[in-house]
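Listed below, chain by chain, are the residues.
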Amino acid sequence: MEAIRSQSELESYRKKVTAKRDPKRRIVSVCTGTGCKAYKCDSLAASLQQEVEKAGLEKKVEIVATGCHGFCERGALMVIYPDEIFYQKVRPELAADIVQKTLSKGEIIDELLYVDPVSGEKIVKETDIPFYKHQQQELLHMGRLIDPRKIDDYIAHGGYRALAKVLFELKPEEVIDQITRSGLRGRGGGGFPAGVKWRTCREAEGDKHYLICNADEGDPGAYMDRSLLEGNPHSVIEGMLIGAFAIGSDQGYVYVRNEYPLAVSNLRTALDQARVLGLLGEKILGTEFSFDIKIVRGGGAFVCGESTALMASLEGYVGEPRSKYVHTVEHGLYNKPTNLNNVETWANVPLIIERGVDWFTAIGTGDVSKNPWGGSKGTKIFSLVGKVRNTGLVEVPMGTSLRQIVFDIGGGVPEGRVFKAVQTGGPSGGCLPASMLDQPVDFDVLTKAGSMMGSGGMIVMDDRTCMVDIARYFTKFLVDESCGKCVPCREGNRRMLEILERVCRGEAALADLDQLERLAQAMTRGSLCALGTTAPNPVLSTLKYFRDEYHAHIEERRCPAATCRALITYTINEKCNGCTLCARACPQKAISGEKKQLHLIDQKKCDRCGVCYQTCKFDAIDVA
Amino acid sequence: MLNLDINGRRVSARRGTMLLAAIREAGFDVPTLCHHEVLEPYGACRLCLVEVRRPGRKAGRIVTSCSYPVEAGLLVETDTPAVRETRREVLDLLLARAPNASRVRELAAECGLYRSSYPPDQNRDNCILCNLCVRICAKLGFNAISAAGRGPKREIQPPLGEPPADCVGCGSCARICPTDNISLVERAGKRRIWERDFEMVRCKQCGKAYITREYLASRLGQSGLPESHFETCDECSRAALAKTMFAHLVPSEKGDAA
């Protein structure tokens, strides 16, 4: 294959690619993201291909093995376009059925349809499913239509057009101006305006400027960046190319977790294919602009998502943040000006260039025309998990309310339980109560509420979640992930954990809450990096919104959510019909009773694991 | 040179110097545990916190003065309530970690803290993880020890916790340690540090065992000076140098006799 050497050559290449494809063909998009891999999506895609060939449909039907579709709990997923027939929980054995019935005869297979848990209705079309209907997928959309391992797919959908526009029609300053005016803010958590950062980096003195894509997504349960890299790596590469041209850089790095093997592999393929086509490397698209990207794999330390720690790790040192008030845009990687943005931020760039600043600023909150901090523009991807019916990746416009995300898209809390809180922003985010559900989700509102956007983790909690226990859980995570360099974070987090553990055991005094608050303030003010300064958020936000739960633990020695083991007792009520299920399940052998007789729990033996509660089918176990 | 304001006093400082130096130069005191003049700022102990405010800005912020470069017009305060409270909390944490470290106790006492609010760590040594030992060792080019482990499990140790192969027994780590936590024992012409024994070389003049064989070899290699330069201990070398330099001032023995 020959390199593409101009804007017009790129367009003719695009025409050549699309000309080979029948516009009337049906596309079967099979999710081959990491989640669906667990459901053997690879062999599903292969079987579908075989069956299509067997049926002689290969000219009319194209099987596309795509990246993540987002609705992971329903995997394996597939969608048939243009009809948008959505099949969920598909097994490879059903490939023949799907081809014979749906693709040959147009029959819908009922068992594979999605059933709305709220209305109980079966839904055929993907866009009618509430989980998708209320989203606005700009970044994730293309990932469902293309095979990330085929650059031609990306190009056929308009890929690298923004790059060509930038290289042939714009000056670097004009690119920076557009990004600034778009109000694009960093999706990694800080929310710093990308255009302002780019300009500072461009103007910083140095013989070499570096670009970094932060793909060290460390928040437990969050996988927005992984999915973008897996499903549409070229969008990230194109974003970085545009950034490199604007900033004046010839070397970029993608720092990605080693735990993301599929993302690494798809990205590597994408980089290789872009180099072959002359879209990466020397003299890109025949111009004087040269830029290349290296992949660096991180060992998975949470703290390496912090930019200075990431750069230390990239240089081969221990991933620890450094105490410097000189910004990395001036003295970053190898002490050279370095511009770091995360995966999602880079992926936004080609869209802004291609569709225009006005398109981008029409989405979101506030006014960024005078001040890039004046609002939150564009969409944001969240990873919606926890006690919510529909879990998965959700892309919504900035400013969408928490209620819309949790209830309209997420379908609310399952099993008749009640919503209690949602934690945003990863382990060092805050827990927001039901009274905050109507708050619009944007950088500034979340920060003001005592939480943060973070990179977009969103964990829903129901009334069986103890908020003290949640604060304890996240603090434990941060104790383990603190690098240990500075005193407030290393010592403060573990002391915070000690106090929270005492509260959970019912051994704390009210004075301990004052101590917690004093310590939290000192950590916020005194820690070296953002890990330490935001670490008290789970504690402070639960103290602010759920203080009564702390008081119940301390003053009444009671856990209102019946979670903290030291403070609860399990008893059997008269609904027990003596089915013996609980007695057999109890690992402590603490339950006795004859068949068809009321059972009894020996409180001395019981270690309050809750297995009986989960096993009982007759609602006969009480916990208090 | 640029001008800034420290505790209401106008001070000038050279561009590129850190606030801590300017503050101490101006005669104010800010405590530190992980700072040393010959080493790069590290910013781990968080005791040298000060409040800074740029002119025209309403809100100030708390920064570590050891690593914050001086800025023209910057307003610096070293003793605000926020600074005092934060420093006190940090010392409270350190006091629980190293309750027997005298330097920590002194600094804590200066904030009126005599006992930590937290249960003191049992069975822990006096190490406060300031990393001075690791940094001085690296600065000297040996890199024999490092910080290993993460979070509360962090500790200073030689690679794999074994007697360090790259250590030359110079003892700089033990001397720089603010809590005297690194054991250095000398007996019968031998030095023991990091559980490794070093043979000492004796001074040709006074006979004192004054340098380890390995450190001597390293200094010979690094300095390019003749071997004879290192035959005597520092004290004797200094005395000899003084004698030659000031020889003309000392009346010669011959002259005395005459």
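Visitor: Got a sec to walk through the overall build of chain B? Specific residues and values, please.
Guide: The number of helices and strands found in chain B is eight helices and eleven strands. Computed over its C-alpha atoms, the radius of gyration of chain B comes to 23 Å, more than 25% above the 18 Å expected for a compact globule of 258 residues. Taken over the C-alpha atoms alone, chain B extends approximately 75 × 50 × 35 Å along its principal axes. Classification of the 258 residues of chain B by burial places 34% in the buried group.

Visitor: Go over the environment of Lys420(A), please, and point to the residues and values.
Guide: Residues and elements named next belong to chain A. Checked against the element boundaries, lysine 420 lands in strand β15 (residues 419-424). Linking lysine 420 and leucine 432, residues twelve residues apart in sequence, is a C-alpha distance of 8.5 Å. Ignoring anything within four residues of it in the chain, the contact list for lysine 420 reads Ala434, Met461, Asp462, Asp463 and Thr465.

Visitor: How would you sum up the packing of helix α18 (residues 467-481) of chain A against helix α22 (residues 537-545) of chain A? Please name residues and give values.
Guide: All names here are of chain A. Between α18 and α22, whose axes approach to 8 Å, the crossing angle comes to 170 degrees. Taken together, the axis directions place α18 and α22 in an arrangement best described as roughly antiparallel. Only Pro538, Val539 and Thr542 of α22 make contact with α18, whose side of the interface consists of Met467, Val468, Ile470, Ala471, Phe474 and Thr475. A breakdown of the residues in the contact of α18 with α22 according to their chemical character gives seven nonpolar, two polar and no charged.

Visitor: Tell me about the sheet that holds strand β17 (residues 457-462) of chain A, and name the residues and values.
Guide: All names here are of chain A. Spatial strand order, β14-β13-β17-β15-β16: five strands in an open sheet with mixed pairing. One side of each edge strand has no neighbouring strand; the edge strands of this open sheet are β14 (392-397) and β16 (431-433). If you compare each strand with its neighbour and ignore which way they point, the axes differ by 30 degrees on average. Pairing of strand β13 (residues 379-386) with β17 involves four bridges; the strand directions are parallel. Residue pairing for β17: valine 385 is matched across the bridge by isoleucine 459.

Visitor: Lay out the interface of chain A and chain B in plain terms, naming residues and giving numbers.
Guide: Taken together, the 25 residues of chain A in the interface contact 28 residues of chain B. Those elements that place two or more of their residues in the side of chain A that touches chain B are α18, α19 (487-504) and α20 (510-526) of chain A. Counting residues per element, the side of chain A that touches chain B draws most heavily on α19(A), which supplies seven residues. Split into classes, the residues belonging to the side of chain A that touches chain B amount to nine nonpolar, six polar and ten charged.

Visitor: Before we move on, can you summarise the sheet that holds strand β5 (residues 75-77) of chain B with the specific residues and values?
Guide: Residues and elements named next belong to chain B. Judged by pairing direction, the sheet is mixed, and its five strands sit side by side in the order β2-β1-β5-β3-β4 without closing on themselves. Edge positions in the sheet fall to β2 (9-13) and β4 (61-64), since each of these pairs with one other strand and no more. On average, adjacent strands in this sheet sit at an angle of 40 degrees to one another, irrespective of strand direction. Contacts from helix α2 (residues 81-97) reach β3 (49-53) and β4, with the element oriented near 155 degrees to β3.

Visitor: How would you summarise the packing of helix α9 (residues 194-203) of chain A against helix α11 (residues 233-247) of chain A if you had to cite specific residues and measurements?
Guide: Residues and elements named next belong to chain A. Here α9 crosses α11 at 45 degrees, and the two axes come no closer than 9 Å. Between α9 and α11, the angle falls in the class oblique. Each of Trp198, Cys201 and Arg202 in α9 lies in contact with α11, whose residues at this interface are Gly243, Ala246 and Ile247.

Visitor: Now, about the confidence of the model for chain B: what can you tell me, with residues and values included?
Guide: In this model, chain B carries a mean pLDDT of 92, and residues with pLDDT of at least 70 account for 97%. Under the prediction, the complex receives an ipTM of 0.91, its pTM being 0.91.

Visitor: Tell me about the environment of His229(B), residues and numbers included.
Guide: Position of His229(B) relative to the elements: it lies in the loop between α6 (213-223) and α7 (234-245). The spatial distance from the C-alpha of His229(B) to the C-alpha of Ala101(B) is 39 Å, given a sequence separation of 128 residues.

Visitor: A description of helix α3 (residues 41-54) of chain A should follow, citing residues and the corresponding values.
Guide: Residues and elements named next belong to chain A. Taking 1.5 Å per residue as the helical rise, α3 with its 14 residues ought to reach 20 Å, and the 20 Å between its terminal C-alpha atoms agrees with that figure. Buried residues along α3 sit against β1 (26-31), α2 (34-37), β2 (61-66) and α4 (95-105). Note on α3: the residue one or two positions beyond its end, glycine 56, has a positive phi of about 70 degrees.

Conventions adopted
Residues numbered from 1 in each chain as written. Chains lettered and ligands numbered in written order. Predicted model: local features only at pLDDT ≥ 70, side-chain atom pairs only at ≥ 80, totals over all residues. Helix = DSSP H or I, 4+ residues; strand = E, 2+ residues; numbered from the N terminus. Rg over C-alpha atoms; globule rule 2.2 N^0.38 Å. Buried ≥ 20, exposed ≤ 12 C-beta atoms within 10 Å, placed from the backbone. Contact = placed C-beta atoms within 7 Å. Axes fitted to C-alpha atoms, helices over the stretch in contact; angles between N-to-C directions. Parallel < 35°, antiparallel > 145°, perpendicular 65-115°, else oblique. Nonpolar A, V, L, I, M, F, W, Y, C, P; charged D, E, K, R; others polar. Pairing = 2+ DSSP bridges. pLDDT = per-residue confidence, 0-100. Expected span 1.5 Å × (residues − 1).

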